[in-house]
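Okay, here's what each chain looks like letter by letter:
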Amino acid sequence: GNTFVAGFIGAPSMNFMDGVISENGAGMTARVQDHEFRVPSVEGLGSGQKVILGIRPENTIMAERGVSGEITVVEPTGSETHVVIRSGGRDFVSVVRERQSLSPGQTVAMTAEPSNIHLFDSETGERLS
């Protein structure tokens, strides 16, 4: 490993992404880049509102569709693998428990279950959900 990755070992911090809320009949979503995350419905939130999505590394899911980025670091830590993904000029950390063949340079997409997405007000940083 290196000092950059060592900073994440033990307690990777939450990933933060800027999103914009949209509401439709199916519930509330937040658009990040070109991906719509289903998010918990929050009283008083409406379409067009800017939010920050917070997702813990262990709650990220590698999926067919999601926010895409390039893997820059793959760090096995025993039962888990810490994966650093660079997307939109920012680094996100994903903790992967299943065996997956992931390597630097690979493009992946990540998402999360709505119940694992925390919303914060982009103006104040206050937690909304």
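Look up: the structure comes first, before these words.
Being a predicted model, the structure only gives us computed values, none of them experimental.

A word on the packing of aromatic side chains. Each aromatic ring pair is characterised by the separation of its centres together with the angle its planes make. Tallied over the full model, the rule gives one aromatic pair. Plain terms: the ring middles of Phe-16 and Phe-120 are 5.8 Å apart, the flat faces sit at 75° to each other, and that makes the pair edge-to-face. Separated by 104 residues along the polypeptide, Phe-16 in strand 1 (residues 15-24) and Phe-120 in strand 10 (residues 118-121) bring together distant segments of the chain. Looking at Phe-16, the relative accessible area reads 37%, which means it is partly exposed. By relative accessible area, Phe-120 is classed as buried at 13%.

Pairing is antiparallel across the open sheet formed by five strands, whose spatial order is 3-2-1-4-10. Each end of this open sheet is capped by a strand with a single partner; those strands are strand 3 (35-38) and strand 10. Direction aside, neighbouring strands of the sheet carry axes that sit 45° apart on average. Two strands pair when backbone bridges link them, and strand 2 (residues 27-32) and strand 3 are joined in this way by four bridges, in the antiparallel orientation.

Attention now moves to the sheet that holds strand 8 (residues 90-96). Strand order in the open sheet made by the five strands is 5-9-6-7-8, with antiparallel pairing throughout. Edge positions in the sheet fall to strand 5 (61-63) and strand 8, since each of these pairs with one other strand and no more. Each strand axis lies, on average, 50° off the axis of its neighbour in the sheet, ignoring direction. In this structure, strand 6 (residues 67-77) lies alongside strand 7 (residues 80-87), joined through seven bridges in antiparallel fashion. Each residue of the ladder has a partner; that of Val-74, found in strand 7, is Val-83.

Reading guide: rules and limits
Along each chain, the written sequence defines residue order, and numbers are assigned to residues from 1. Local features in a predicted model are, by the rule used here, given only for residues with pLDDT of at least 70; side-chain atom pairs are given and counted only at 80 or more, and totals for whole chains, interfaces and linings are based on all residues. Side-chain numbers here rest on the full set of heavy atoms in the structure, without hydrogens or water. Stacked, edge-to-face and tilted labels apply to pairs of Phe, Tyr and Trp rings (six-membered ring for Trp) whose centres lie within 6.5 Å, assigned for plane angles under 30 degrees, over 60, and everything in between, in that order. Where helices and strands are cited, they refer to DSSP runs of H or I of at least four residues and of E of at least two residues respectively, numbered from the N terminus. Each residue gets one of three labels from its accessible area relative to the maximum for its type: buried under 20%, exposed over 50%, partly exposed in between, using a 1.4 Å probe on protein chains only. We treat two strands as partners when DSSP finds at least two bridges between them. Every angle, taken between N-to-C directions, lies between 0 and 180 degrees, and every axis is a line fitted to C-alpha atoms, over only the stretch in contact when it is a helix.

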